[in-house]
Amino acid sequence: MLAKFKKVVNIVSIGFLSLAILLAILLVGTRIFGFTPYTVLSGSMEPRFPVGSVVYVRKIDPAELQTRDVITYVIDGGTVVTHRIIEIIPDEEDASVLRFRTKGDNNNITDGEPIHSNNILGKVAFCLPLLGYVSHYIQTPPWTYFVIAIVLMMLLLAFIPDLLEKALAEEKSDDGQTDEKKE
């Protein structure tokens, strides 16, 4: 019975550990490869990037951007936006400065002011649908506490079979000593 319990706990632990490693790689580890993840919070780029997706953005020289590229940029107040370039406008005073007119695929009108090349965070490389919900839930209470509780429970479950096995072994050895004294 203890061996079966230990096997089940090991399988469940390996599953949770694998899931945790995968999430860590997808949400943090991609930065090692030059990608920054951002969660899609609005439907302006649907259906290509549904709400709750995570887009992975790679830095790029603004001069390499083309019309139809999807970029992520910062607007006033620090808000991060991901929209498609519909027009590239060279600056009239300085040809080395570019501005980009953008529009969400699901929007009827273009965005207000063109985006200055300094505000561009990068070009979207790929997207993973629904991962943004997981990221959001993990980072907000009470889900943060729930994840911590699961990790602690898995750690406890990993050690309980060994502790029980040790206690049973000690109990058997104590019973053996008691029987020898009676003889």
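Okay, so let's go over this structure. Computed from a prediction, not measured in an experiment: that's the story for all the values here.

Here we come to the sheet that holds strand E6 (residues 115–116). Hydrogen bonds between backbone atoms are what pair the strands of a sheet, whose relative direction is either parallel or antiparallel. A sheet is described by the order of its strands in space; here seven strands give the open sequence E1-E2-E7-E3-E4-E5-E6, paired in antiparallel fashion. The open sheet has two free edges, formed respectively by strand E1 (35–39) and E6, since each of these has just one partner strand. Bridge analysis of strand E5 (residues 98–103) against E6 gives two bridges, and the strand direction is antiparallel. Within E6, the position partnered with Phe100 by the bridge is Ile115. Relative to strand E2 (residues 54–58), helix H2 (residues 131–139) is tilted by about 95 degrees, and along the sheet it contacts E1, E2 and strand E7 (120–128).

Secondary-structure assignment places Arg58 in strand E2. Judged by relative accessible area, Arg58 falls into the partly exposed class, the value being 38%. Distance in space between the C-alpha atoms of Arg58 and Thr36 is 6.5 Å, their sequence separation being 22 residues. Once residues lying within four places of it in the same chain are set aside, the contact partners of Arg58 are Phe33, Gly34, Phe35, Gly122 and Lys123. Here Phe33 takes part through its backbone oxygen, which lies 2.3 Å from a polar atom of the side chain of Arg58.

Among the nonpolar cores identified, the biggest contains nine residues, and these are Leu65, Ile71, Tyr73, Val81, Ile85, Leu98, Phe100, Ile115 and Ile120. Contributing elements (two or more residues each) for this core: strand E3 (70–74), strand E4 (80–90) and E5. With near-sequence residues (within four places) excluded, Tyr73 lies in contact with Thr79, Val80, Val81, His83, Thr102, Asp111, Ile115, Asn119, Ile120 and Leu121. By size, the runner-up hydrophobic cluster in this structure holds eight residues, among which are Val40, Phe49, Val57 and Val70.

Another point: the layout of surface pockets. When its volume is computed, the largest pocket comes out at roughly 570 Å³. Phe16, Ala20, Val147, Ile150 and Val151 are, among the 20 residues lining the largest pocket, the residues nearest its centre. At the level of secondary structure, the elements contributing two or more residues to the lining of the largest pocket comprise helix H1 (2–27), H2 and helix H3 (143–182). Looking at which element gives the most residues to the lining of the largest pocket, the answer is H1, with nine residues. For the lining of the largest pocket, the per-class residue count stands at 19 nonpolar, one polar and no charged. Reported here for the second largest pocket is a volume of approximately 340 Å³.

Taken as a whole and assessed by the stated rule, the structure comprises four salt bridges. Here Asp69 makes a salt bridge to Lys123, at a shortest N to O gap of 3.4 Å. Taken together, the residues Asp69 in the loop between E2 and E3 and Lys123 in strand E7 connect sequence positions 54 residues apart. On the basis of relative accessible area, Asp69 is assigned to the buried category, the value being 12%. Since its relative accessible area comes to 29%, Lys123 is described here as partly exposed. Two residues, Asp105 and Arg84, come together in a salt bridge whose shortest N-O distance is 2.8 Å. Placement of the pair is Asp105 in the loop between E5 and E6 and Arg84 in strand E4, with a sequence separation of 21 residues. Looking at Asp105, the relative accessible area reads 31%, which means it is partly exposed.

Each value, and the rule that gives it
Residues numbered from 1 in each chain as written. Predicted model: local features only at pLDDT ≥ 70, side-chain atom pairs only at ≥ 80, totals over all residues. Heavy atoms only, no water. Pairing = 2+ DSSP bridges. Helix = DSSP H or I, 4+ residues; strand = E, 2+ residues; numbered from the N terminus. Contact = heavy atoms within 4.5 Å. Axes fitted to C-alpha atoms, helices over the stretch in contact; angles between N-to-C directions. Buried < 20%, exposed > 50% of the residue type's maximum accessible area, 1.4 Å probe, protein only. Polar contact = N/O pair within 3.5 Å; in protein donor to acceptor, adjacent residues only side chain to side chain. Core = buried A, V, L, I, M, F, W, Y, C linked by side-chain atoms within 4.5 Å. 1 Å grid on protein atoms, 1.4 Å probe; cavity = no way out; pocket = protein on both sides within 12 Å on 5 of 7 lines; lining within 4 Å. Points joined across faces, edges and corners; volume = space filled by probe spheres on them. Nonpolar A, V, L, I, M, F, W, Y, C, P; charged D, E, K, R; others polar. Salt bridge = Lys/Arg side-chain N within 4 Å of Asp/Glu carboxyl O.

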